[in-house]
Amino acid sequence: MAPSSSKCRLTVITGPSGVGKGALVTRLLQRHQEIWLSVSATTRKPRQGEIDGTHYFFLSHERFVQLVKDGGFLEWAEFAGNRYGTPSQPVQQQLASGRPVLLEIELEGARQIRDSLPEAFHIFLAPPSFSELEERIRGRGTDSEDAIQKRLIRAREELQAQDEFDAVVINDDLEDAVLEIEQRMGF
Ligand code: ADP
Ligand code: 5GP
């Protein structure tokens, strides 16, 4: 779907782990307080400083499976050994209220959204190079070596899928990437 001149109501940002999605979304929300960011559920353990209900809803595997059965997720996927999902109801509520909604999710989830909500605008955030991506994941210092390896394997798959997206933005300089995403979102 091509970006319209008006603000896109549902935007999906996808990109390999460590590319800078979190950093970019934080700046975007600071600059546009009307944007509503979906808080995902995950079975991953919280990283240092992550707050339940703010960064994620941290759930047990059993609770996550139950929510899937109950139809509570708009989409969900397994990523690097954990499950992640977008709670359906809050997204539907915010869309109904007319607020611009942002999802920051991985590739499989983005594909599910493309099927279920075809009006969504999909942006892929790419690194300037694979070696820079690896440096960023390591530099973040939040993941074990095992988790880093899983994320790098998945990153290669995600990078191969970037042509599926409505727009590809390279996160070389963060401020430039924020400006480009704003433009793509119609701000
Ligand atoms: P993601 O949410 O995509 O996994 P993060 O937002 O956690 O990635 O970013 C990974 C690391 O890269 C963080 O340490 C972040 O500060 C850094 N980073 C993000 N964007 C840039 C950039 N444009 N240049 C250099 N470092 C960046
Ligand atoms: P992290 O563990 O680094 O916070 O996130 C790992 C990956 O899961 C990232 O690519 C992130 O975009 C993705 N992710 C976060 N929330 C969701 C979600 O609700 N659904 C899906 N499919 N992916 C998510």
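Data block above holds the structure.
Read on for an overview of the structure. Note that the structure is a prediction, hence the values are computed from the model and not measured.

On to the packing of aromatic side chains. Across all of its chains, the model carries 6 aromatic pairs by this definition. Arg114 extends its terminal NZ or CZ atom over the ring of Phe165, reaching a point 5.3 Å from the ring centre.

Reported here for the largest pocket is a volume of approximately 1000 Å³. Only helix H1 (21-31), strand E5 (73-79), strand E6 (82-87) and helix H5 (130-140) provide two or more residues apiece to the lining of the largest pocket. When residues in the lining of the largest pocket are grouped by element, the largest group, 6 residues, is from H1. Taken together, the residues that form the lining of the largest pocket break down as 13 nonpolar, 13 polar and 11 charged.

Around ligand 1, the surrounding shell holds 14 residues, and the nearest of these are Gly18, Lys21, Gly22, Arg140 and Asp172. Between ligand 1 and Asn171, the relevant distance is 2.9 Å, taken from a nitrogen atom to a side-chain nitrogen or oxygen of the residue. Between ligand 1 and Leu174, the relevant distance is 3.3 Å, taken from a nitrogen atom to a main-chain nitrogen or oxygen of the residue. Isolated, ligand 1 exposes 570 Å² of accessible area, and the fraction of that covered by the protein chains is 71%. More than half of the atoms belonging to ligand 1 lie within 2 Å of the grid points that define the largest pocket. Among the secondary structure elements, those contributing two or more residues to the shell around ligand 1 are H1 and H5. For the shell around ligand 1, the per-class residue count stands at 4 nonpolar, 5 polar and 5 charged.

The subject of this paragraph is H1. Listing the buried residues of H1 in full gives Lys21, Leu24, Val25 and Leu28. For H1, the buried positions fall inside an angular range of 95 degrees around the axis, keeping them on one side. Of the surrounding secondary structure, the elements contacted by the buried residues of H1 are strand E1 (10-14), strand E2 (36-37), strand E7 (101-104), strand E8 (121-126) and helix H7 (174-185).

The next point concerns the sheet that holds strand E4 (residues 57-58). Ordered by their spatial adjacency, 4 strands build an open sheet running E4-E3-E6-E5, and the pairing between neighbours is mixed. A single partner strand is all that each edge strand has here, and the edge strands are E4 and E5. Bridge count for strand E3 (residues 41-42) against E4 is 2 bridges, and the pairing is parallel. Across the sheet, Ala41 pairs through a bridge with Phe57, a residue of E4. Along the sheet, helix H3 (residues 88-97) makes contact with E5 and E6, crossing E6 at roughly 35 degrees.

Calculation rules
Residues numbered from 1 in each chain as written. Chains lettered and ligands numbered in written order. Predicted model: local features only at pLDDT ≥ 70, side-chain atom pairs only at ≥ 80, totals over all residues. Heavy atoms only, no water. Phe/Tyr/Trp six-rings, centres within 6.5 Å; stacked < 30°, edge-to-face > 60°. Lys NZ or Arg CZ within 6 Å of the ring centre and 35° of its normal. 1 Å grid on protein atoms, 1.4 Å probe; cavity = no way out; pocket = protein on both sides within 12 Å on 5 of 7 lines; lining within 4 Å. Points joined across faces, edges and corners; volume = space filled by probe spheres on them. Helix = DSSP H or I, 4+ residues; strand = E, 2+ residues; numbered from the N terminus. Nonpolar A, V, L, I, M, F, W, Y, C, P; charged D, E, K, R; others polar. Near = heavy atom within 4 Å. Polar contact = N/O pair within 3.5 Å; in protein donor to acceptor, adjacent residues only side chain to side chain. Areas by Shrake-Rupley, 256 points an atom, 1.4 Å probe, with all protein chains shown as cover. Sits in = over half its atoms within 2 Å of the grid points. Buried < 20%, exposed > 50% of the residue type's maximum accessible area, 1.4 Å probe, protein only. Arc of directions from axis to C-beta. Contact = heavy atoms within 4.5 Å. Pairing = 2+ DSSP bridges. Axes fitted to C-alpha atoms, helices over the stretch in contact; angles between N-to-C directions.

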